[in-house]
Amino acid sequence: MQDELPSNSFDMLFAKARYAVALQDSDSKSLELSASGGAFALFARSVLRVGGAVFGASLLDNGTVRHICIKRIDDLCKLQGSKYVKSNVADTYEECAHLLCKNTVVLYSGTPCQIAGLRKYLEKSVPKEVVANNLLCVDLICHGTPKQEIFSAYLEWLATKNKADDGIHGYAFRSKKMGWGLNYYYYFYRRGRKHEVLGPARDDPYFAAFTKGVIYRRCCYKCPFARLERVGDITIGDYWGIDSVHPGFSDGRGVSAVLINTSNGERFFNECCADECKWIKSTVESVAANNSNLVKPASRSADDERLADEVERAISAGDHKLAFEKLLAPKLSLMARIRRMLPWKLVRMVYGHGR
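Note that the coordinates shown come from a computational prediction; the quantities given were computed from them, not determined experimentally. (Residues numbered from 1 in each chain as written. Predicted model: local features only at pLDDT ≥ 70, side-chain atom pairs only at ≥ 80, totals over all residues. Heavy atoms only, no water.)

### Some details on the layout of surface pockets
Roughly 890 Å³ of volume is contained in the second largest pocket. In terms of lining, the second largest pocket is formed by 32 residues, of which the most central are Leu59, His169, Gly170, Tyr171 and Ala172. For the lining of the second largest pocket, the elements supplying multiple residues, two or more each, are α1 (28–33), β3 (53–59), α6 (148–161), β7 (169–172) and β8 (183–190). (1 Å grid on protein atoms, 1.4 Å probe; cavity = no way out; pocket = protein on both sides within 12 Å on 5 of 7 lines; lining within 4 Å. Points joined across faces, edges and corners; volume = space filled by probe spheres on them. Helix = DSSP H or I, 4+ residues; strand = E, 2+ residues; numbered from the N terminus.)

Right under this line is the structure:
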């Protein structure tokens, strides 16, 4: 798929959100593996239970992010959690089309540009009525996506910095070991001994640069899909600010913001999902208030653009230390430096929960 897609070729795909809900999955084990309130897992289980297939982004053992297809609930964990990297859709559009033509119910999740690309692909390969009857598209409230090359270089740098025996394992951008929030987790082995690392986004060069909007692909800063009109039947993301909008709804384990955009999405939610979660009707405006990418694309200053270019040049030259220890190095407070030296279980006990 191309990095940048002209918006005028997708105008017919957009639908204005009908309403919004705040949602939390009732399956506590699944909720723990989810970045926010478990909306994706809830929807996926409903499709898998009827023999359907689910497509989504998976962080593979080699550190690459790629779309895969699952058909068993036991494999759902492969797709759960946020991946702040551009996912390679590979041949999943073709695979999705093949399944739809066999009358298999399919849920396809991805960034709005990936969903738009899928819909345009299916227009040419699958009858409209088959798509209407069997496909549910779930798009994400997307900030923007860094290139895979940057994330791969980051993992290599982490492994070198930590003197890891065989690389970084179990990387999670949105671990809930400290509660719902922006906390990363990974582990590695050094001389055969397992070491675990847990910390907030602001303490990590890659994650901090992501949250500040510095290292997205260039096309993300003029994304035609960062708008309230959506290309998915359903849109999902974090319901940041839930406590001020719906006091008492959140219990600290995560809440999803869900936009119901089409009749297909509304029917699916009401008939297949509403009874298996805690939810409350909300407003699109309340969701958008703390999710600016529902209204406009991310932006960055000229200085940040030059910084991103320097980072890419350093990575291309193989100088990962320059990229992550100098150019993207976060300014750490004394408390952050102390936190980095503590075992993650002690960090969780001392610093508690929260975003």
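### A short note on the sheet that holds strand β12 (residues 256–260)
Sheets are built from strands that pair by backbone hydrogen bonding, the pairs being arranged parallel or antiparallel. One open sheet accounts for eight strands, arranged β4-β3-β5-β6-β11-β12-β2-β13; its pairing is mixed. One side of each edge strand has no neighbouring strand; the edge strands of this open sheet are β4 (65–70) and β13 (277–282). Taken pair by pair, the neighbouring strands of this sheet meet at an average axis angle of 25°, ignoring direction. Across six bridges, the pairing between strand β2 (residues 19–25) and β13 is antiparallel. (Pairing = 2+ DSSP bridges. Axes fitted to C-alpha atoms, helices over the stretch in contact; angles between N-to-C directions.)

### Details of the sheet that holds β7
Spatially, three strands are ordered β7-β8-β9 in an open sheet, and the strand pairing comes out antiparallel. Either end of the sheet is taken by a strand with one partner, and the two such strands are β7 and β9 (193–200). Each adjacent strand pair in this sheet contributes to an overall mean axis angle of 15°, direction not counted. In terms of strand pairing, β7 meets β8 through two bridges, oriented antiparallel. Looking at the pairing, His169 lines up with Tyr187 of β8.

### Re helix α9 (residues 263–273)
An α-helical segment advances 3.6 residues per turn. Residues three or four places apart therefore align on the same side. Looking only at α9, the buried set comprises Asn264, Gly265, Phe268, Phe269 and Cys273. In an axial view of α9, the angular spread of the buried residues amounts to 130°, which keeps them on one side of the axis. (Buried < 20%, exposed > 50% of the residue type's maximum accessible area, 1.4 Å probe, protein only. Arc of directions from axis to C-beta.)

So far we have only geometry, and geometry alone does not tell us how the molecule works.
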